[in-house]
Amino acid sequence: MRSTIKLIINRFCQLLVLPMAITCWLETRLTSHSEAIFSFWTHTVSIFPGLPGVFLRRAFYSLTLEKCSLNAYIGFGTIFAHRSTVVEDNVYTGIYCSIGSAHLGKNSLIGSHSSLLSGNTQHTRNEVNGVWMAFSAENIKRIDVAENVWIGEGAIILANIGKGSLVAAGAVVNTNVKANIVVAGNPARFVKSFEPIAPALTPEQKLSEAVLTSQPEV
């Protein structure tokens, strides 16, 4: 019953934000690089307060991003900078996050005030006069945050994060992070590995183990 009510509310909110989404679709048809209209609406929906704001942000991004699950939670003040972003099931973002082009795997947690940048080559330097060049959409690189990742508050992410890893609060990640480890610091460095999780035993395996352990030693 609860899931049905949630689905109805999600669909209703999609209808409410549909005019916004239509303008973004038109922008996409007219130009493949400009995201000015999309950016305007992302700033608008980011400040919708409370639980209604969560539903409206999710509805808007489900219609405008490459993919956004209706089971995701997008906190107050959070902004997605580019449409080339994927948000999988049960993704949680805290408040005031800034997310560029990224793939957020299912069950990933993005701490408040975190910044997920679109790679580390968004600006190039003119070697003749030393001037940093303006932003170019051609330099965007989508970063991959795998499933079950936890990114701590205020972290800055410029590279991929492997499955099941934890990025400590305030860390700056500029190189790819392997799966199932903890990193911290600026630049982020290895802290420890997580112990592998033993697979759940089937009833037959549990019975076999019980028989073996119950046998007397010879």
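The structure presented is a predicted model; accordingly, all values stated were derived computationally and were not measured.

**Side note on the packing of helix 2 (residues 36–46) against helix 3 (residues 50–64)**
Relative to each other, helix 2 and helix 3 sit at 160°, their axes nearing to 10 Å. Considering their axes alone, helix 2 and helix 3 lie roughly antiparallel with respect to each other. Crossing of helix 2 against helix 3: the hand is left-handed. On helix 3, the residues that touch Phe-38, Trp-41, Thr-42, Val-45 and Ser-46 of helix 2 are Arg-57, Phe-60, Tyr-61 and Thr-64.

**Remarks on helix 1 (residues 2–30)**
Since one α-helical turn is 3.6 residues long, residues separated by three or four positions face the same way. The terminal C-alpha atoms of helix 1 lie 40 Å apart, and with 29 residues this matches the ideal 42 Å at 1.5 Å per residue to within 8%. Maximal helix bending in helix 1 amounts to about 55°, located at Leu-18; proline Pro-19 follows within four positions. Of all the positions in helix 1, only Asn-10, Cys-13, Gln-14, Val-17, Met-20, Ala-21, Cys-24 and Glu-27 are classed as buried.

**Here's the deal with the side chain of Ser-101**
Counting through the fold element by element, Ser-101 comes out in the loop between strand 6 (98–99) and strand 7 (102–104). A distance of 2.9 Å separates a polar side-chain atom of Ser-101 from the backbone oxygen of Ser-84. Ignoring sequence-local partners within four residues, the contact set of Ser-101 consists of His-82, Ser-84, Thr-85, Leu-117, Ser-118, Ile-140, Lys-141, Arg-142 and Ile-143.

**Observations regarding the sheet that holds strand 4 (residues 86–87)**
The 4 strands are arranged 1-4-7-10 in an open sheet whose pairing can be described as parallel. Only two strands of the sheet have a single neighbouring strand rather than two, namely strand 1 (67–68) and strand 10 (143–145). Pairing analysis gives 3 bridges linking strand 7 to strand 10, with the strands arranged parallel. Looking at strand 10, one finds that Leu-104 is bridged to Val-145.

**Observations concerning the nonpolar core**
Grouped together as the largest cluster of nonpolar side chains are 40 residues, with contacts concentrated most on Tyr-61, Leu-104, Leu-116, Ile-151, Ile-157, Val-167 and Val-173. Where this core is concerned, the elements lending two or more residues are helix 1, helix 2, helix 3, strand 7, strand 10 and strand 15 (181–184). When residues in this core are grouped by element, the largest group, 5 residues, is from helix 3. Ignoring sequence-local partners within four residues, the contact set of Val-173 consists of Ile-156, Ile-157, Leu-158, Ala-159, Ile-161, Val-167, Val-183 and Ala-188.

**Section: the environment of Ile-151**
For Ile-151, the position within the fold is in strand 11 (residues 150–151). Taking the C-alpha atoms as reference points, Ile-151 and Leu-109, separated by 42 residues in sequence, lie 6.0 Å from one another. Those residues in contact with Ile-151 that lie beyond four places of it in its chain are Leu-109, Ile-110, Gly-111, Ser-114, Leu-116, Val-145, Ile-157 and Val-167.

**Observations concerning the sheet that holds strand 12 (residues 156–157)**
Read across the sheet, 5 strands follow the order 3-6-9-12-14 without closing on themselves; strand pairing throughout is parallel. The two strands at the open ends of the sheet, each matched to only one other strand, are strand 3 (79–80) and strand 14 (172–173).

**Some words on the pattern of salt bridges**
Counted according to the given criterion, the structure contains 4 salt bridges. One salt bridge connects Arg-83 with Glu-27, and the closest N-O pair in it is separated by 3.1 Å. A residue pair is termed long-range when its members are at least 10 positions apart, and Arg-83 in the loop between strand 3 and strand 4 and Glu-27 in helix 1 qualify at 56 residues. A residue is classified by how much of its surface remains accessible, and Arg-83, at 12% relative accessible area, is buried. Of the charged contacts, one joins Arg-142 and Glu-66 as a salt bridge, the two residues approaching to 3.0 Å between their closest N and O atoms. Separated by 76 residues along the polypeptide, Arg-142 in the loop between strand 9 (115–116) and strand 10 and Glu-66 in the loop between helix 3 and strand 1 bring together distant segments of the chain. With relative accessibility at 35%, the residue Arg-142 sits in the partly exposed group.

Calculation rules
Residues numbered from 1 in each chain as written. Predicted model: local features only at pLDDT ≥ 70, side-chain atom pairs only at ≥ 80, totals over all residues. Heavy atoms only, no water. Axes fitted to C-alpha atoms, helices over the stretch in contact; angles between N-to-C directions. Helix = DSSP H or I, 4+ residues; strand = E, 2+ residues; numbered from the N terminus. Parallel < 35°, antiparallel > 145°, perpendicular 65-115°, else oblique. Left-handed = near helix turned anticlockwise from the far one by under 90°. Contact = heavy atoms within 4.5 Å. Expected span 1.5 Å × (residues − 1). Bend = angle between axes of the 7 residues up to and from the residue. Buried < 20%, exposed > 50% of the residue type's maximum accessible area, 1.4 Å probe, protein only. Polar contact = N/O pair within 3.5 Å; in protein donor to acceptor, adjacent residues only side chain to side chain. Pairing = 2+ DSSP bridges. Core = buried A, V, L, I, M, F, W, Y, C linked by side-chain atoms within 4.5 Å. Salt bridge = Lys/Arg side-chain N within 4 Å of Asp/Glu carboxyl O.

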